[in-house]
Amino acid sequence: MSPFAHITGWGMAVPQRIVTNAELALRIDTSDEWIQSRTGIRERRVASEDQTTASLGVDAAQRALDMARLKPADLDLIIVATSSPEHIFPATACLVQDRLGASKAGAFDLLAACSGFIFALNMGTQAIRTGAVKNALIIGAETLSRIVDWNDRNTCVLFGDGAGAFVLQASPEQGGVISAVMRSDGSGGDLLILPGGGSRIPATHKSVQAGQHYVQMNGREVFRFASRVLGQATEEAVKKAQLSLDEINLIIPHQANQRIIEAALRGLDFPVERCVINLDRYGNTSTASIPIATCEAVQQGRLKPGDKVVFVGFGGGLTWGAAVVVWSAPLPAARRVMPYRYRLYARLRSMIKRLMRRLDVLVWGRRNPYL
Ligand code: ACO
């Protein structure tokens, strides 16, 4: 029988800097009352200058690996879901792979906007279920503060920075991720878009002047779409898992807007007490919102081994999806791993590899020694 994919480690990392609604109201035409009543958001975290999408991802990943008692070199696969990658290439996942010292892992980014974490969870699960991969690291990481226009009140009040990570491990025990659905509708691509900086509108003086390097959004249309698909995807994933909604202990939705979540719960006739909402403190952290909310739910004792939980998200693309998971505990491990020792080792290893590349050029010049 094919192995099951269990979530055996989880971790989160958020910047220390808190930006309150009141602080935003000092620079743009908005108010704490407007933001709280329309979105539920009170404050968000904003990365410091030295924090990046990869550095937040590494911090969250390190905590998840520590919990799973896994060495970075045990990883076969790293997927970073992000809407704010450090570059178009190299993939942010490769930067994370290098800094962790995950020397045997294939690493790539997955771009499905805010649904990215659900899509990555499903891809990691499928890789494990085929038997091709034993240990996978799934990360949702964002520095959205770098791609929003802080003078645009329609968008800047919504988003925040942060990262969350899950370790997925193969196990013969039944459970783990038991169903998932993924959907897309590119006809709504223009509703939530970062138009510039890609190959269609390369960054130029003109594109930057026009603000095309910032997130643009049709809030009302996204709201309408999201309220509809959150419930639909939840129902579909639960049905696929051959369960009923009554058997679900907890729903952890993408944290975009409290009114969207409440509308979806009303449609499902699901009690709000069994849903995790923490957007008041973090805003919308895109791909990171579901794993951050999960870490807090575990910490607060709201999610325990054996519980059945639905993760459900939506985002630009348009994309949406959901997964049903039987929550696990870390697998028993023979040894205690010391993650920070590995991090130091990873840095040293990366430096030596860069040095070797330079030495290669010194010894061989521009000549290719392999020809
Ligand atoms: N402060 C004060 N007024 C504002 C602000 C603000 N921050 N932002 C917009 N307004 C104004 C608008 O300009 C508009 O004024 P107008 O009528 O004079 O044009 C008025 O408030 C009302 O705007 P609405 O769009 O009707 O407000 P709504 O109740 O729909 O709330 C919001 C707007 C919060 C953006 C909502 O539409 C929403 O949350 N949409 C979904 C957005 C979202 O979740 N996006 C991300 C999803 S995917 C992902 O996570 C990447």
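Residues numbered from 1 in each chain as written. Predicted model: local features only at pLDDT ≥ 70, side-chain atom pairs only at ≥ 80, totals over all residues.

Q: Could you give an account of the nonpolar core, naming the residues involved and the relevant values?
A: The biggest cluster of nonpolar side chains holds 117 residues, and the ones touching the most others in it are Ala64, Ile78, Val96, Ile139 and Phe311. Dropping the residues within four chain positions of it, Ile139 is found in contact with Gly57, Ala60, Ala61, Val80, Ala81, Val96, Ala163 and Ala165. (Core = buried A, V, L, I, M, F, W, Y, C linked by C-beta atoms within 7 Å. Buried ≥ 20, exposed ≤ 12 C-beta atoms within 10 Å, placed from the backbone. Contact = placed C-beta atoms within 7 Å.)

Q: Summarise the pairing of strand S7 (residues 162–171); cite the residues concerned and give the values.
A: Counting buried positions along S7 yields nine of 10 residues, so the element is predominantly enclosed. Of the strand pairs in this sheet, strand S1 (residues 4–13) and S7 are connected by nine bridges, and their pairing is antiparallel. Counterpart to Trp10 in the pairing with S7 is Phe166. Two strands pair when backbone bridges link them, and strand S6 (residues 135–142) and S7 are joined in this way by eight bridges, in the antiparallel orientation. The residue bridging Leu137 from the neighbouring strand is Val167, located in S7. (Helix = DSSP H or I, 4+ residues; strand = E, 2+ residues; numbered from the N terminus. Pairing = 2+ DSSP bridges.)

Q: Report on the environment of Met12, specifying residues and quantitative values.
A: Inspection of the secondary structure puts Met12 in strand S1. A C-alpha to C-alpha distance of 7.6 Å links Met12 and Ala61, two positions 49 residues apart in sequence. Apart from the residues lying within four places of it in its own chain, the contact partners of Met12 are Ala60, Gly162, Ala163, Gly164, Pro291, Ile292 and Cys295.

Q: Explain the site of the ligand to me, using residue names and the numbers behind them.
A: Taken together, 24 residues are adjacent to the ligand, and Thr30, Cys114, Gly219, Phe223 and Ala256 come closest. The set of elements that each furnish at least two residues to the shell around the ligand consists of helix H2 (32–39) and helix H7 (219–240). Sorting elements by how many residues they give to the shell around the ligand places H7 first, with five residues. Class assignment of the residues belonging to the shell around the ligand gives a composition of 12 nonpolar, nine polar and three charged. (Near = placed C-beta within 6 Å. Nonpolar A, V, L, I, M, F, W, Y, C, P; charged D, E, K, R; others polar.)

Q: Any details on the sheet that holds strand S12 (residues 308–315)? Residues and values, ideally.
A: Strand order in the open sheet made by the four strands is S8-S13-S12-S11, with mixed pairing throughout. What marks the edges here is a single partner per strand, and that holds for strand S8 (176–184) and strand S11 (250–253). Across the sheet, the mean angle from the axis of one strand to that of its neighbour is 15°, orientation sign disregarded. Of the pairings in the sheet, the one linking S12 to strand S13 (residues 319–326) comprises eight bridges and is antiparallel in character. If you follow Val310 over to S13, its bridge partner there is Val324. (Axes fitted to C-alpha atoms, helices over the stretch in contact; angles between N-to-C directions.)

Q: Just give me the short version of unusual backbone geometry, but keep the residues and values in it.
A: The step from Phe89 to Pro90 runs through a cis peptide bond, and the omega angle for that step is 5°. Here Pro90 lies in the loop between strand S4 (77–81) and helix H4 (92–100). Along the chain, Gly317 connects to Leu318 via a cis peptide bond; the corresponding omega equals -5°. On the secondary structure map, Leu318 appears in the loop between S12 and S13. Positive phi, close to 55°, is recorded for Asp269, a residue that is not glycine. For Ser286, which is not glycine, the phi dihedral falls at a positive 50°.

Q: So, the sheet that holds S6: which residues are in play, and what are the values?
A: In space, the five strands of this open sheet follow the order S1-S7-S6-S4-S5, with mixed pairing throughout. Two strands close off the open sheet at either side, each with one partner strand: S1 and strand S5 (106–110). Each neighbouring strand pair of the sheet contributes to a mean axis angle of 20°, computed without reference to strand direction. Where helix H3 (residues 53–68) meets the sheet, it contacts S1, S4, S6 and S7, and its direction lies at approximately 125° from that of S1. Against the sheet, helix H5 (residues 116–129) contacts S1, S4, S5, S6 and S7, and its axis sits at roughly 165° relative to S4.

Q: Go over the environment of Phe223 with me, naming the residues and quoting the values.
A: Note that Phe223 resides in helix H7. On a C-alpha basis, the gap between Phe223 and Ile260 in space is 6.7 Å, while along the polypeptide they are 37 residues apart.

Q: I'd love a proper account of H4, names of residues and values included.
A: For H4, a buried count of nine out of nine residues is recorded, marking the element as mostly surrounded by other parts of the structure. Buried residues of H4: Thr92, Ala93, Cys94, Leu95, Val96, Gln97, Asp98, Arg99 and Leu100, and no others. Where H4 terminates, the next one or two residues include Gly101, which has phi positive at roughly 80°.

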